Amino acid sequence: MKKWIKPFTAMLMAVSLVGGLGGAMTASAAKSTEKGKIVINGSSALLPLTLQAASEFKKDNPKVKISASAAGSVTGPQSVRKGIADIGAVDWDASKDVPGFKKFDGQVAHPVAVTVFTAVVNTNVGVTSLTTKQLQDIFSGKVTNWKEVGGSDGKIVVVNRKFGSGTRVNFQQKALDGKDFMSKGDNYKEVGSSGDMKTTIETTPNAIGYIDLPYVTSKMKAVSINGVAPTEKNVLNKTYKVWGIGYYMTKGQPTGATKAFIEYIQSNKFQNGSLKKLKFIPLAAVK
């Protein structure tokens, strides 16, 4: 797996946050009694959030070890069910049935963030806005050249996420209105994570894919849908529809360090601080 160091420090598909962080502990850290280990697996869309929250949480809880990995949303609740993870990060409420996935019985869903998803294209693509119908035609393989949708002559390369991706679930349901993706062809690629999607779109001329806003860089273009840009403002004014709520799944109600960590992510301090800086939207903003 390729490493991605910027803009998120040491973001890997599997990362462990161990040991204490330098600097004097605050008064609250000195009083912290939490200890133990928290294992998190699942959504790569939520990984930037998880890494940042874990780094901050450890400052006040130096006796807590947190390890995080991201192999796709469905692996989160699967790992919780198998007992190999305390938290399953997922881009839908896995305690309920959703199209393509049965609910995970006995698991509790804890909302942690609002995630904005967007279609993205390589910087050489001369298209900045697509309609729902055009997106459906492109991702199904019906339209194969950018000139058919207002761009210059160039064969479209469709980049899709593998089955089990929460980003895929959200994009298919909300950007494509549930229409199916193409699944093969010499102009089709499939990737396993948001980080892989980022790298592929950045380096593949004429490519189109989809990703959540924290991964969008200057080496790609976020595409407006039906003339509406994928921004926090447009989510809040209800004109942009391609967004979802990310969840942490636990087996029953969490306790100890796991409970404290989830509560930290849901706190006003984190929701209105680091979470917003990472281009997620606070939960309270969409109520």
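Residues numbered from 1 in each chain as written. Predicted model: local features only at pLDDT ≥ 70, side-chain atom pairs only at ≥ 80, totals over all residues. Heavy atoms only, no water.

Visitor: Please clarify how the overall build of the protein chain should be interpreted in this entry.
Guide: The helix and strand inventory of the protein chain stands at 10 helices and 11 strands. Buried positions account for 54% of the 287 residues belonging to the protein chain. Contacts spanning at least 24 positions in sequence make up 77% of the contacts within the protein chain whose residues lie at least 6 apart. Counting every atom, the protein chain has about 13,100 Å² of accessible surface; 51% of that belongs to carbon and sulfur. (Helix = DSSP H or I, 4+ residues; strand = E, 2+ residues; numbered from the N terminus. Buried < 20%, exposed > 50% of the residue type's maximum accessible area, 1.4 Å probe, protein only. Contact = heavy atoms within 4.5 Å. Areas by Shrake-Rupley, 256 points an atom, 1.4 Å probe, with all protein chains shown as cover.)

Visitor: Could you clarify how one ought to interpret the pattern of salt bridges in this entry?
Guide: If charged atoms from side chains of opposite charge come close, those side chains can pair. The full count for this structure, using the stated rule, is 6 salt bridges. Among the ionic pairs, lysine 155 bridges to aspartate 186, the shortest N-O distance being 3.0 Å. In this pair, lysine 155 sits in the loop between helix H4 (132–140) and strand S7 (157–161) while aspartate 186 sits in the loop between helix H5 (166–174) and strand S8 (188–191), placing the two residues 31 residues apart along the sequence. Owing to a relative accessible area of 45%, lysine 155 belongs among the partly exposed residues under this scheme. A relative accessible area of 71% means that aspartate 186 is categorised as exposed. (Salt bridge = Lys/Arg side-chain N within 4 Å of Asp/Glu carboxyl O.)

Visitor: Explanation requested: the pairing of strand S2 (residues 36–42) in the structure shown.
Guide: A regular strand carries its side chains on alternate faces of the sheet. Two elements, S2 and strand S3 (residues 64–69), share 5 bridges in a ladder whose sense is parallel. If you follow lysine 37 over to S3, its bridge partner there is lysine 65. What joins S2 to S3 is helix H2 (residues 47–60), and the crossover it makes is right-handed. Here S2 pairs with strand S4 (residues 87–90) via 3 bridges, running parallel. Bridge assignment links isoleucine 40 to a residue of S4, and that residue is isoleucine 87. (Pairing = 2+ DSSP bridges. Right-handed = clockwise from strand over helix to strand, strands pointing away.)

Visitor: Would you mind going over the side chain of glutamine 107 with me for this structure?
Guide: For glutamine 107, the location among the structural elements is in strand S5 (residues 107–122). Judged by its relative accessible area of 9%, glutamine 107 is buried.

Visitor: How should H5 be read in this particular structure?
Guide: Residues lying three or four places apart along an α-helix face the same way, a consequence of the helix completing one turn every 3.6 residues. Taking burial as the measure, the 9 residues of H5 include 7 buried ones, the bulk of the element. Residues of H5 that are buried: Gly166, Thr167, Arg168, Val169, Asn170, Phe171 and Gln172. Looking at where H5 begins, the residue whose side-chain oxygen comes 3.2 Å from the main-chain nitrogen of threonine 167 is serine 165. (Polar contact = N/O pair within 3.5 Å; in protein donor to acceptor, adjacent residues only side chain to side chain.)

Visitor: Can you help me understand the packing of H2 against helix H8 (residues 256–266) in this one?
Guide: When two helices pack together, you describe them by how their axes are tilted relative to each other and by the distance separating the axes. Packing of H2 against H8 brings their axes to within 10 Å, and their N-to-C directions diverge by 115 degrees. One element, H2, and the other, H8, form an angle in the roughly perpendicular class. Between H2 and H8 the crossing geometry is right-handed. Contacts between H2 and H8 involve Thr50, Ala53, Ala54, Glu56 and Phe57 from the first element and Ala257, Ala260, Phe261, Tyr264 and Ile265 from the second. Residues that form the contact of H2 with H8 fall into these classes: 8 nonpolar, 1 polar and 1 charged. (Axes fitted to C-alpha atoms, helices over the stretch in contact; angles between N-to-C directions. Parallel < 35°, antiparallel > 145°, perpendicular 65-115°, else oblique. Left-handed = near helix turned anticlockwise from the far one by under 90°. Nonpolar A, V, L, I, M, F, W, Y, C, P; charged D, E, K, R; others polar.)

Visitor: Which parts of the structure should I look at to understand the environment of threonine 250?
Guide: Mapped onto the elements of the fold, threonine 250 is located in strand S11 (residues 243–251). For threonine 250, a relative accessible area of 2% corresponds to the buried category. Separated by 143 residues in the primary sequence, threonine 250 and glutamine 107 place their C-alpha atoms 5.4 Å from one another.

Visitor: Would you mind showing me how to read the nonpolar core here?
Guide: In a soluble, globular protein the nonpolar side chains are often hidden away together inside. If you look at the biggest cluster of nonpolar residues, it comprises 73 residues, and the most contacted ones within it are Leu130, Ile138, Phe139, Trp146, Phe171, Ile208 and Phe261. Looking at which element gives the most residues to this core, the answer is S5, with 8 residues. Those residues in contact with leucine 130, other than ones at most four positions away along the chain, are Leu135, Ile138, Trp146, Val149, Ile208, Val223, Ser224, Ile225 and Asn226. Counting residues in hydrophobic clusters, the runner-up holds 10 residues, among them Ala94, Val98, Phe104 and Met249. (Core = buried A, V, L, I, M, F, W, Y, C linked by side-chain atoms within 4.5 Å.)

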